[in-house]
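Survey of secondary and tertiary structure
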Amino acid sequence: MRRLTLLLPVSLLIAACHTALPVSAPAGAPAGSYPRSIDEAFQSARRDPNALRALLLDMPKGGDLHHHLTGAVYPEVLIQLASYEGLYVDVGSSSFQQCQGGSAGDASTSLPISAPTADCKACADASSCKNPLPQCTSGTKTLTGSFVPACCLCSDGKSYDAVVNALSMRGQPWGTLAAHDHFFAIFSKLGPAVQDTASLFAQLRQQASRENLLYIETMTSAARPQGEELNAFLARFFGGSSSPGAAFCQQLMAGPLTPAAISADGKAVLAAADALGRQAAAVMAGQLEKSSQLLGCDAHPDTPGCEVTVRRQIEMHRTLDPLYVCGEALLGFAASHADRRHIVGINIVAAEDAYVARIDYLAHMNLIGNLGRIYPDVGRALHAGELAEGLVPPNDLRFHVGAAVCTAGAQRIGHGVDITYEADSGQVLRAMTGKTGWCPSRAAGRVAVEINLVSNAQLLGVQGKEHPFPLYREAGVPVVLATDDPGIMRTSLTEQYRLAGLDYPQLRYADIRTLNRNSLEYSFLTGPSIWEDPGVYQRPVAACRAAAGGLDLDRCAGWAQNQGDNQGDKARVQVELERRLRAFESR
């Protein structure tokens, strides 16, 4: 408590000084009053929440870096997909199933990707809706319940609404334990409705285009190709705790392990993971390619959504058995290493307050840190500190962010809500600004924090003055705004910016622009940045610098194209953001 008493006046003083600073012009912008004008427009709009929404919806946005694919899709879209794919819905649980032998009508009609609304496909035979199946055989499992074709929801508004409510936060009281539990229970209900990854990507790219968003970095599970490579990988884990795979995983989770200390058995496990990872990467890249085909990008590159770049992080699930988590991590790192352009990193997901997630937390951080030393080119963006007082015992609030930064070597932190409860919160913040004295084991470099304002309000009840968003900024930690699960949470990236504008009066438009640029600078997009001074954005790299020292967009565009030809995307997307920002700010 005494430490906070000393810190708070400093924070307030910094905030006051920050508010008084003049708004600087964008680098390389022509002289004139328009930077002041755009700030005046921002300050005027924030007096009316609706005007602020309109302004920020129109504002070009760089990236959404904390984004779960299956949670990003609105349940209305999932119902649409399910109706076209002949899936079933369990009326009792509102879960989707692939029922073998059931008749769900003709599933051959192509899905209307570009439709203005998610209009589901009515059943060809409406009589199937009157006689629910008491059982559903899905794969090797026989489920009991009351199963109707998903197309039945098209003609039954009450059932349709019930499924939408069950699969989203619509109507849930924010900040309650009921909302928290309702949210995490949703993912087990989605099943086959989220298996058509290419269609999900196409839908999300269309939505991103409507929001003027250029880049999505989304979390998904790794593809698991069947065949010899999968069998060779799994064979390393047969035989219980004495198997080479289990023994290697125990090493990875026990503490620091240098690549030089890996045994021959461990190297064989890595080789098997690499072979499977190459196959998984090829499948996952193909899904992104197919989303472009569904949008018709080759023939019509100006189609909304075609301009939106999507890259993937592979997730591991922290609530599962340690050996399973280790297998997910091995495959995730190997697949990202195999194709760094399309699979840009890894993450660890699921409820951080769950029992297994808590007791295995440090083991997971050791696992990720060790694999990060084996695969140093793979990005690490970790959920950490998605906790609040009362949700877990006090000791669990004391070390999660610090361990993710120092032990796992995270380059970005997702949420970080409990930072002020950390035992060494000041040192953790210093480490996140790139000062490594407290944490000598991590490589130099700043650690960005992904702030999810709606998510934290809905699931943790942390918002406004209670949220550490201003604390991170004042400490010099790079901050980005992100959505988390916009479909389930019924939100958008625009709404994150709007809430920041409404809740934090110290923000000027220049700060909004910095948050926006951060979302590309601290992304895992491959290739060099156009900026030499991340977080400041006044000094472009030499290849992009005008004679007067500002950003020469035309010159930079040519240089960025060359980077793209060499498998580097960051500069290309940054140039497009700057082009759009310059047009937006000069209106």
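Bear in mind that the values here come from a model prediction, so they are computed numbers and not experimental data.

The strand order β1-β6-β7-β8-β9-β10-β11-β12 describes an open sheet built from eight strands, whose pairing is parallel. Either end of the sheet is taken by a strand with one partner, and the two such strands are β1 (61–68) and β12 (479–481). Taken pair by pair, the neighbouring strands of this sheet meet at an average axis angle of 25 degrees, ignoring direction. Running at roughly 155 degrees to strand β7 (residues 309–317), helix α12 (residues 322–338) makes contact with β7, β8 (343–349) and β9 (379–384) of the sheet. Contacting β1, β6 (213–220) and β7, helix α23 (residues 570–585) runs over the sheet at an angle of about 140 degrees to β6.

The subject of this paragraph is the packing of helix α3 (residues 49–58) against helix α20 (residues 493–503). One can describe the packing of α3 onto α20 by two numbers: an axis separation of 9 Å at closest approach and a directional angle of 135 degrees. The orientation of α3 relative to α20 falls into the category oblique. Considering how the two elements wind past one another, α3 and α20 form a crossing that is right-handed. Of α20, the residues touching α3 (which contributes P49, L52, R53, L56 and L57) are T494, E495, Y497, R498, G501 and L502. Looking at the contact of α3 with α20, its residues break down into six nonpolar, two polar and three charged.

With eight of its eight residues buried, helix α17 (residues 453–460) lies for the most part within the structure. Restricting attention to buried positions, one finds in α17 the residues L453, V454, S455, N456, A457, Q458, L459 and L460. Looking at the buried positions of α17, the neighbouring elements they touch are α7 (177–190), β10 (412–415), β11 (448–451), β12, α19 (486–489) and α20. Of the residues flanking the end of α17, it is G461, one or two places downstream, whose phi is positive at about 70 degrees.

Another point: the pairing of β9. Within β9, six of the six residues are buried, leaving the element largely enclosed by the surrounding structure. Here β9 shows two buried faces, one formed by G379, A381 and H383 and the other by R380, L382 and A384. Judged from the two bridges that link them, β8 and β9 form a sheet pairing that is parallel. What sits directly across from I346, in β9, is R380. On the question of chirality, the crossover connecting β9 to the parallel β10 by way of helix α15 (residues 400–406) is right-handed.

Attention shifts here to the side chain of H66. With respect to the element layout, H66 can be found in strand β1. Overall, H66 belongs to the buried group, its relative accessible area being 0%. Side chain to side chain, H66 and H383 meet in a polar contact 3.1 Å long. Engagement of the side chain of H66 in a polar contact is seen with the side chain of E450, the distance being 2.6 Å. Once residues within four sequence positions are removed from consideration, H66 is found in contact with M219, H383, G414, H415, E450, N452, A482, T483 and D484.

Criteria and cut-off values
Residues numbered from 1 in each chain as written. Predicted model: local features only at pLDDT ≥ 70, side-chain atom pairs only at ≥ 80, totals over all residues. Heavy atoms only, no water. Pairing = 2+ DSSP bridges. Helix = DSSP H or I, 4+ residues; strand = E, 2+ residues; numbered from the N terminus. Axes fitted to C-alpha atoms, helices over the stretch in contact; angles between N-to-C directions. Contact = heavy atoms within 4.5 Å. Parallel < 35°, antiparallel > 145°, perpendicular 65-115°, else oblique. Left-handed = near helix turned anticlockwise from the far one by under 90°. Nonpolar A, V, L, I, M, F, W, Y, C, P; charged D, E, K, R; others polar. Buried < 20%, exposed > 50% of the residue type's maximum accessible area, 1.4 Å probe, protein only. Right-handed = clockwise from strand over helix to strand, strands pointing away. Polar contact = N/O pair within 3.5 Å; in protein donor to acceptor, adjacent residues only side chain to side chain.

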